[in-house]
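Overview (structure and organization)
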Amino acid sequence: MLGRREGPLMRNNAHSLRKSRIITAIVIGILIGCVFAFLFPNGFFVPHTVTANRHISLAGSKTQEGSDECEPSDRANMLKSEFVAVSEKNAELKKQVRELTERLRLAEQGKDQAQKQFLVLGKSQKAGPFGTVKGLRTTPTVVPDESVNPRLAKILEKVAVKQELIVALANSKVKEMLEVWFTNIKRVGISNYLVVALDEEIAKYCEANQVPFYKRDPDEGIDTIGKVGGNHAVSGLKFRILREFLQLGYSVLLSDVDIVYLQNPFDHLYRDSDVESMSDGHDNMTAYGYNDVFDEPAMGWARFAHTMRIWVYNSGFFYIRPTVPSVELLDRVATRLSNEKAWDQAVFNEELFYPSYPGYDGLHAARRTMDFYQFMNSKVLFKTVRYDANLSKLKPVIIHVNYHPDKLPRMKAIVEYYVNGKHDALKPFPEGSD
Ligand SMILES: *[C@@H]1O[C@H](CO)[C@@H](O)[C@H](O)[C@H]1NC(C)=O
Ligand SMILES: *[C@@H]1O[C@H](CO)[C@@H](O)[C@H](O)[C@H]1NC(C)=O
């Protein structure tokens, strides 16, 4: 089941890439059409005499009246003036195209709402036959803006592969876990990962271990949080820093450091949604959603009320594409974390899932839940998988020790179990924490 993912997935990607290229071509076609419609309201093939533009009509009428009797030098002059007129026209056209391109860019940055809608939705179309209709899921990416952080842009140019990379924030308090983290990333053969070093010690540590890192400028405002802040302050910072990666045009696989990499996650992503996240759920229902029926016997005939439930997405491991909804999500979460005392994971999920209602505009972002056996949380491992003869033979892509406080020893045991084949390495640990 795990191995089958790649074939259809890659075909899907190629298919949607082709589709998005076709859409881009159509949009460009329409825009060029608009420019020509503006410049030649009467069409291309009207006689020059009725053309609105004065340069061309002058040159044109002369041609028509005097074409039979005029001298070669006259003809040369005429051609020359016609050439000048056409050149001017050309320059004007270029300017128009430049303006349109600029408007396109602004639209993609979300400054021009109507244009953005047009870009996202394309030309309106008929619905098509029953069962063949699919809503929009994959939002176009933003235009990269290097001016946001030129230094980071340079680093990412070197580190990223196909415009994507793993990013982790770390300060010296998590140094030991960070070591397990990057050791396994290296062992699996992943090169596109980056540590955002929140203090000098971690920056030095990364440098000494040939780990790609990015140390923020101490003057870059929000950074003091990284050094002195508790967990939640750092979480807020995380969303602010992440925004810059997206603005620079990169997809980020955000990763906590209490994660063991066993395969390359980039071989197991779908890339069709704004956010693709691992789940805190432990089975199909809790991870993928279910109908939780609320029973109120006093209501008699209507005693059952149906509700939608899903276990939260884990804000410590998610893949986020550089789109307008993704950036909006990060902004919403960062804003709320700076204004209220809240758990970043709860805020992240509320913003992702709550719909619009009177007085509130919900976020419109596409979401995908990762396979919870491939992107496994430590509850699934320690409560189910290690006891199951079949499941324990499968190698997950990553394991996140999110459910247990004794993170480091459990991470090391996971490496012993999956990498070094020590079958009893997981045995000493209880299912929960004592
Ligand atoms: C759980 O979901 C997976 C993926 O959709 C499916 O292949 C599997 O059969 C499901 N298992 C159960 C027990 O429903
Ligand atoms: C493991 O897989 C085999 C073959 O599919 C099946 O017969 C068996 O019941 C499974 N065992 C468990 C514990 O799920």
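- Identification of the protein chain as Glycosyltransferase from Lupinus angustifolius is taken from an unreviewed UniProt entry.
- Among the UniProt annotations of the protein chain, the heading Subcellular location (unreviewed entry) holds the following wording: "Golgi apparatus membrane".
- Annotation of the protein chain in UniProt includes, under Sequence similarities (unreviewed entry), the sentence "Belongs to the glycosyltransferase 77 family."

**Looking at the packing of aromatic side chains**
- According to the stated counting rule, one finds 14 aromatic pairs in the structure shown.
- Ring centres of Trp181 and Tyr193 lie 5.9 Å apart, and the angle between their planes is 70°; this geometry places the pair in the edge-to-face category. Here Tyr193 lies in strand β2 (residues 193–197) and Trp181 lies in helix α6 (residues 175–188), a separation of 12 residues in the sequence. Side by side, Trp181 and Tyr193 carry an identical accessibility label, which is buried.
- The ring of Tyr270 carries Arg368 above its face, with NZ or CZ at 3.7 Å from the centroid.

**Some thoughts on the sheet that holds strand β5 (residues 259–261)**
- Strands sit in the order β5-β12-β11 across an open sheet of three strands; the sheet is mixed. One side of each edge strand has no neighbouring strand; the edge strands of this open sheet are β5 and β11 (375–377). Across this sheet, the average inter-strand angle for adjacent strands is 15°, counted without regard to direction.
- In terms of strand pairing, β5 meets strand β12 (residues 398–400) through three bridges, oriented antiparallel. Counted as the bridge partner of Tyr261 is Ile398 from β12.
- The strands that helix α14 (residues 407–418) touches are β5 and β12; relative to β5, the one it contacts most, it runs at about 20°.

**Some details on the packing of helix α11 (residues 324–339) against helix α12 (residues 344–353)**
- Between α11 and α12, the shortest axis-to-axis distance is 9 Å and the interhelical angle comes to 135°. In terms of orientation, α11 lies oblique with respect to α12. When the axes of α11 and α12 are compared, the crossing they make is right-handed. When α11 is examined against α12, the residues Leu329, Arg332, Val333, Arg336 and Leu337 are found in contact with a partner set consisting of Asp344, Val347, Phe348, Glu350, Glu351 and Leu352.

**Notes on the pattern of salt bridges**
- Enumeration according to the criterion identifies 16 salt bridges in this entry.
- A salt bridge links Lys407 to Asp258; the nearest nitrogen and oxygen atoms lie 2.8 Å apart. In this pair, Lys407 sits in helix α14 while Asp258 sits in the loop between β4 (251–255) and β5, placing the two residues 149 residues apart along the sequence.
- For the salt bridge of Glu340 with Arg336, the shortest nitrogen-to-oxygen distance reads 3.2 Å.
- Through salt bridges with shared partners, one network takes in Glu328, Arg332, Arg336, Glu340, Glu350 and Glu351.

**Some points on the nonpolar core**
- Membership of the largest hydrophobic core comes to 53 residues, with the highest contact counts inside it found for Ile166, Leu178, Trp181, Tyr261, Phe317 and Leu381.
- Per element, the largest residue contribution to this core is seven residues, and it comes from α14.

**Remarks on helix α5 (residues 150–159)**
- Among all positions of α5, only Leu152, Ala153, Ile155, Leu156 and Val159 are buried. Down the axis of α5, the smallest arc covering the buried residues is 165°, so these residues share one side. What points out from α5, more than 90 degrees from its buried face, is the exposed set Lys154, Glu157 and Lys158.

**Side note on the packing of α6 against helix α7 (residues 200–208)**
- It is at 12 Å that the axes of α6 and α7 come closest, and there the two elements cross at 30°. The angle between α6 and α7 falls in the class roughly parallel. As α6 packs across α7, the resulting crossing turns out to be right-handed. Counting all contacts with α6, which are made through Lys175, Leu178, Glu179 and Phe182, the residues of α7 involved are Glu201, Ile202, Tyr205 and Cys206.
- A class-by-class count of the residues in the contact of α6 with α7 yields five nonpolar, no polar and three charged.

**Quick look at the sheet that holds strand β1 (residues 164–170)**
- Reading across the sheet, the seven strands line up as β3-β2-β1-β4-β9-β6-β10 and stay open at both edges, with mixed pairing between neighbours. For this open sheet the edge positions go to β3 (213–215) and β10 (367–369), each flanked by a neighbour on one side alone. The average angle at which neighbouring strand axes cross in this sheet is 30°, direction not considered.
- In this structure, β1 lies alongside β4, joined through four bridges in parallel fashion. Each residue of the ladder has a partner; that of Glu164, found in β4, is Ser251.

**Quick word on the side chain of Ser277**
- Structurally, Ser277 is set in strand β6 (residues 275–279).
- Residue classification places Ser277 among the buried residues on the basis of a relative accessible area of 0%.
- A distance of 3.4 Å separates a polar atom in the side chain of Ser277 from the backbone oxygen of Asn314.
- If we ignore the near neighbours within four places in the chain, the residues touching Ser277 are Tyr313, Asn314, Phe317, Phe318, Arg368, Thr369 and Met370.

About the criteria used
Residues numbered from 1 in each chain as written. Chains lettered and ligands numbered in written order. Predicted model: local features only at pLDDT ≥ 70, side-chain atom pairs only at ≥ 80, totals over all residues. Heavy atoms only, no water. UniProt positions renumbered as here; feature names shortened; annotations may be inferred. Phe/Tyr/Trp six-rings, centres within 6.5 Å; stacked < 30°, edge-to-face > 60°. Helix = DSSP H or I, 4+ residues; strand = E, 2+ residues; numbered from the N terminus. Buried < 20%, exposed > 50% of the residue type's maximum accessible area, 1.4 Å probe, protein only. Lys NZ or Arg CZ within 6 Å of the ring centre and 35° of its normal. Pairing = 2+ DSSP bridges. Axes fitted to C-alpha atoms, helices over the stretch in contact; angles between N-to-C directions. Contact = heavy atoms within 4.5 Å. Parallel < 35°, antiparallel > 145°, perpendicular 65-115°, else oblique. Left-handed = near helix turned anticlockwise from the far one by under 90°. Salt bridge = Lys/Arg side-chain N within 4 Å of Asp/Glu carboxyl O. Core = buried A, V, L, I, M, F, W, Y, C linked by side-chain atoms within 4.5 Å. Arc of directions from axis to C-beta. Nonpolar A, V, L, I, M, F, W, Y, C, P; charged D, E, K, R; others polar. Polar contact = N/O pair within 3.5 Å; in protein donor to acceptor, adjacent residues only side chain to side chain.

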